[in-house]
Amino acid sequence: MEISVNLDDPKPMFAQLVDQIKTAIAVQAITAGDPLPSIRQLANDLELNSKTVAKAYRLLERDSVIQAKGYRGTFVHPDALKNIETNLTDHLETELNEVVLKLRELGATDSEIRIAFTNAMNVPYIKGEK
Amino acid sequence: MLDNLLFYTVFISQIFIISIYYPRQLANRMSYVSKNFPPADYPKLYPESLNKIMIKRKVFIICNIVIALSGLVLMFSVMPFGAAETVNYNKIDMIPLVYGMIQFIPVMFLELTSFKLLKLMRAADNKTNRSASLTPRHLFDFVSPMLLFTAVILAISFPIVEWTLNDFTLTNHLISQGIALLLVNVLFICLGTWHLYGKKQDPYQSPTDRIKQIYMALSSMLYVSILVSVFFGLTSIVNRLEWVELEVLINSLYFQLVAILGLGTMLRTIKVQDIDFSVYK
């Protein structure tokens, strides 16, 4: 199975890669447990920066579409077919839009919302901690 | 008389294989490509003009002819006919090695030319779509584990055996051979990794042809690595037994085998008729 990226596409490269791999799983060109190329191999084959490919792999792993197994390599996640529907970016935008709308209804100004958002982003995050 | 004939046979074989047979095969491939895939129909294949490429081909042929003729002159001057008994083999044992290195110069020139052409191809490549396979490439997809194991065992065991036979003394000769063996194998490891995971040199090459090229490169490097270890082992044995006449022959046969396993593997694995030239349209 071949994937391709278009340099002229306004969509970022890592996003194109994520979409291409998800499509490959959706059409069952690759299935659960199938190995994927290493970051270095894919980066060199596509002539992309390895950080771009690493970012795509990180996002796919976050969405449980792929699994990194250390030195053994990267593999398609057992539940990949179910998880390719997950799009955290869309969910993120939906949640944030709701919060911003609520804050505006309470009377907060845009600059107050931005300052509060920046302060919230600066709070260190420890996974599992509430 | 028999020594003469044996030396002539082996040395003529070296001249023929490295300076005539394989160069002719390479030159014929270049002619075949230029006739069947002309620049008008396959512009991407010619980042520089066909004339320039054909001039380089002629230079390559002429160099090989000159080297072949020099080899014949050399052969009769170091071992005049009927003079085998008076020849000092200690003085001529390095000649096949040195001459062999000279014989490979035109091939290296061709390799450098090829690198330059590929660089020009990459510079001229303006396609915005890039594709890659989602199949990972692993070393053992291209070479047999047994072959790799053999190469590793031979590379490690030769210096150890030699050291043992030297009563566990590190001589300068052993150190230099060990370093040479190490450098050759490290070079092969680096080149092998580059072939497997590195960037595509030919931006238009089809995935199938790339797989064949990787297979060819890795196989020939493994064979040559084994050959280098065996060669060092044999010369060590021959030195101990003081079979100087045999050392001359071994040195010559070594270079012939390097050509057969290197160039020969390439020519056998990547037949020009099987290459997908449609990618260069």
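The rules we used
Residues numbered from 1 in each chain as written. Chains lettered and ligands numbered in written order. Predicted model: local features only at pLDDT ≥ 70, side-chain atom pairs only at ≥ 80, totals over all residues. Heavy atoms only, no water. Helix = DSSP H or I, 4+ residues; strand = E, 2+ residues; numbered from the N terminus. Buried < 20%, exposed > 50% of the residue type's maximum accessible area, 1.4 Å probe, protein only. Contact = heavy atoms within 4.5 Å. Lys, Arg positive; Asp, Glu negative; His and termini not counted. Charge placed at Lys NZ, Arg CZ, Asp CG, Glu CD. Areas by Shrake-Rupley, 256 points an atom, 1.4 Å probe, with all protein chains shown as cover. Pairing = 2+ DSSP bridges. Axes fitted to C-alpha atoms, helices over the stretch in contact; angles between N-to-C directions. Salt bridge = Lys/Arg side-chain N within 4 Å of Asp/Glu carboxyl O. Expected span 1.5 Å × (residues − 1). Parallel < 35°, antiparallel > 145°, perpendicular 65-115°, else oblique.

Enquirer: Account for the overall build of chain A, with residues named and values stated.
Expert: Summing up its helical and strand segments, chain A has 6 helices and 4 strands in all. Mapped in sequence order, the helices and strands of chain A form the string β-α-β-α-α-β-β-α-α-α. For the C-alpha atoms alone, the extent of chain A along its principal axes is close to 55 × 35 × 25 Å. Per-residue burial over chain A gives 28% buried out of 130 residues. Residue pairs in contact within chain A that sit at least 24 positions apart in sequence constitute 46% of those at least 6 positions apart. Mean positive and mean negative side-chain charge positions of chain A (15 and 19 charges, respectively) differ by 7 Å.

Enquirer: Give a description of the overall build of chain B that names residues and reports values.
Expert: Of the regular secondary structure elements, chain B holds 9 helices and 1 strand. Along the chain direction, N to C, the helices and strands of chain B fall in the order α-α-α-α-α-β-α-α-α-α. Principal-axis analysis of the C-alpha atoms gives chain B an extent of 65 × 40 × 25 Å. Taken across its 281 residues, chain B has 44% of its residues classed as buried. Once local pairs closer than 6 in sequence are excluded, the contacts in chain B between residues at least 24 apart make up 82%. For chain B, the computed accessible surface area is about 15100 Å², with 70% contributed by carbon and sulfur atoms. Charge separation in chain B, taken as the distance between the mean sites of 23 positive and 17 negative side-chain charges, equals 16 Å.

Enquirer: Help me get a handle on the sheet that holds strand β4 (residues 74-76) of chain A, residues and values and all.
Expert: Residue and element names in this part refer to chain A. Taking strand neighbours across the sheet as the criterion, the 3 strands line up as β2-β4-β3 in an open arrangement whose pairing is antiparallel. Taken across any chain shown, the strands that pair with only one partner, and hence form the sheet edges, are β2 (35-36) and β3 (66-68). In this sheet, β4 lies alongside β2 in antiparallel orientation, the contact comprising 2 bridges. Residue pairing for β4: P35 is matched across the bridge by F75. The strands that helix α3 (residues 50-62) touches are β2, β3 and β4; relative to β3, the one it contacts most, it runs at about 110 degrees.

Enquirer: Tell me what's going on with unusual backbone geometry, and back it up with residues and numbers.
Expert: Residues and elements named next belong to chain A. At Q28, a residue that is not glycine, the phi angle is positive and equals roughly 60 degrees. Summarising the element assignment, Q28 is placed in the loop between α1 (13-26) and β2. Unusually for a residue other than glycine, S64 sits at a positive phi of about 55 degrees. Within the fold, S64 resides in the loop between α3 and β3. Residue S64 is classed as partly exposed on the basis of its relative accessible area of 25%.

Enquirer: Hey, could you go over the pattern of salt bridges for me, with residue numbers and the actual values?
Expert: Residues and elements named next belong to chain A. In this structure the tally under the stated criterion is 9 salt bridges over all chains. A salt bridge links D63 to K22, with the nearest nitrogen and oxygen atoms 3.7 Å apart. Note that D63 is positioned in the loop between α3 and β3 and K22 in helix α1, a separation of 41 residues in sequence. Judged by its relative accessible area of 13%, K22 falls in the buried class.

Enquirer: Got a sec to walk through α1 of chain A? Specific residues and values, please.
Expert: Here α1 of chain A spans 20 Å end to end across 14 residues, near enough to the 20 Å set by a 1.5 Å rise per residue. Of the surrounding elements, those touching the buried residues of α1 of chain A are β1 (2-6), α2 (39-46), α3, β4 and α4 (80-83) of chain A.

Enquirer: An account of the environment of M75 of chain B is requested, with residue identities and associated values reported.
Expert: All names here are of chain B. Within the fold, M75 resides in helix α2 (residues 50-78). What makes M75 buried here is its relative accessible area of 0%. Counting along the chain gives 111 residues from M75 to V186, while the straight-line C-alpha distance between them is 35 Å. If near-sequence neighbours (up to four positions away) are discounted, M75 is found in contact with F7, Y8, F11 and I12.

Enquirer: Talk me through the packing of helix α6 (residues 145-165) of chain B against helix α7 (residues 172-197) of chain B; I want residue IDs and the actual numbers.
Expert: All names here are of chain B. For the pair α6 and α7, the least separation of the axes is 10 Å and the interaxial angle reads 175 degrees. The orientation of α6 with respect to α7, classified from their angle, is roughly antiparallel. Residue-level contacts link A155, F158, P159, E162 and W163 of α6 to L174, Q177, L181 and N185 of α7.

Enquirer: Break down the environment of I15 of chain B for me, citing the residues and quoting the values.
Expert: Residue and element names in this part refer to chain B. Here I15 lies in helix α1 (residues 2-36). What makes I15 buried here is its relative accessible area of 3%. Along the backbone, I15 and I211 are 196 residues apart, and their C-alpha atoms lie at a distance of 32 Å. Apart from residues lying up to four places away in sequence, I15 is in contact with I20, A68, G71, L72, Y99 and Q103.

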